[in-house]
Amino acid sequence: PSGAATGSAENYPSPYHSNAEITEGVVGPDGQAWMVGNNALLTHGPNPYAMHTIPVDFDIGEFTAIVAGPDGNVWAGTSVGILLRVTPTEQLTYYDLRATAFSSEPINDLLIGPDQMIWASAAGVDVLYRIATDGSYDRYFLPIGSQHPRDLAIGDDGRLWYAA
């Protein structure tokens, strides 16, 4: 058809078990592909034909979201409310966004707002987070019955929108 895209696609093997699911991906500030899925944070790294897993320090749940940050790093959220900053050299910094160590506030989506801050949605607690690149954050509690925010988007009007 006229105007159809042309090109080729390549399949790269996953470095972890075959039934693992890659759930989200992003092109990082370093130009590399970064992906999250199940309990893995993956990147192409120096070898463009083989993915490798970046080891994490402790059980942080499943990865749920990833975004290329305004600070030149990649940020990933997890199912238990942990946010990771990953530098291009794979140095990890962990930020705990949970209200208490016993609560579970899964991070569903991450995006960079027009204010160059990282925004996160947390299902189950009706909260949006506005996160600075130093890891400090503000919580915005949504009206009761907001149906647990999931996907985030910036509208043409520059406002943050969420889907429940």
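The structure displayed is predicted, hence computed values, not measured ones.

Regarding its fold elements, the protein presents zero helices and 14 strands. A burial count over the protein gives 39% of its 164 residues as buried.

This paragraph deals with the sheet that holds strand 6 (residues 74-78). Taken together, the four strands give an open sheet; going across it, the order is 5-6-7-8, and neighbouring strands pair in antiparallel fashion. Because the sheet does not close on itself, it has two edges, and the strands there are strand 5 (63-68) and strand 8 (92-96). Direction aside, the axes of adjacent strands within the sheet are offset by 20 degrees on average.

We now examine the confidence of the model for the protein. Detail in the predicted coordinates should be disregarded across regions flagged by low pLDDT. Here the protein shows a mean pLDDT of 81. Residues at 70 or above account for 78%. Summarising per-element confidence for the protein, the mean pLDDT is lowest in strand 4 (residues 52-53) (72) and highest in strand 13 (residues 152-154) (94).

Tallying each qualifying case throughout the model produces three aromatic pairs. Pairing Trp-119 with Tyr-140 gives two aromatic rings, centres 5.7 Å apart and planes at 25 degrees, and the pair type is stacked. Taken together, the residues span a long stretch of sequence, with Trp-119 in strand 10 (residues 118-122) and Tyr-140 in strand 12 (residues 137-141) at a distance of 21 residues. Judged by relative accessible area, which is 14%, Trp-119 ranks as buried.

Definitions and cut-offs
Residues numbered from 1 in each chain as written. Predicted model: local features only at pLDDT ≥ 70, side-chain atom pairs only at ≥ 80, totals over all residues. Heavy atoms only, no water. Helix = DSSP H or I, 4+ residues; strand = E, 2+ residues; numbered from the N terminus. Buried < 20%, exposed > 50% of the residue type's maximum accessible area, 1.4 Å probe, protein only. Pairing = 2+ DSSP bridges. Axes fitted to C-alpha atoms, helices over the stretch in contact; angles between N-to-C directions. pLDDT = per-residue confidence, 0-100. Phe/Tyr/Trp six-rings, centres within 6.5 Å; stacked < 30°, edge-to-face > 60°.

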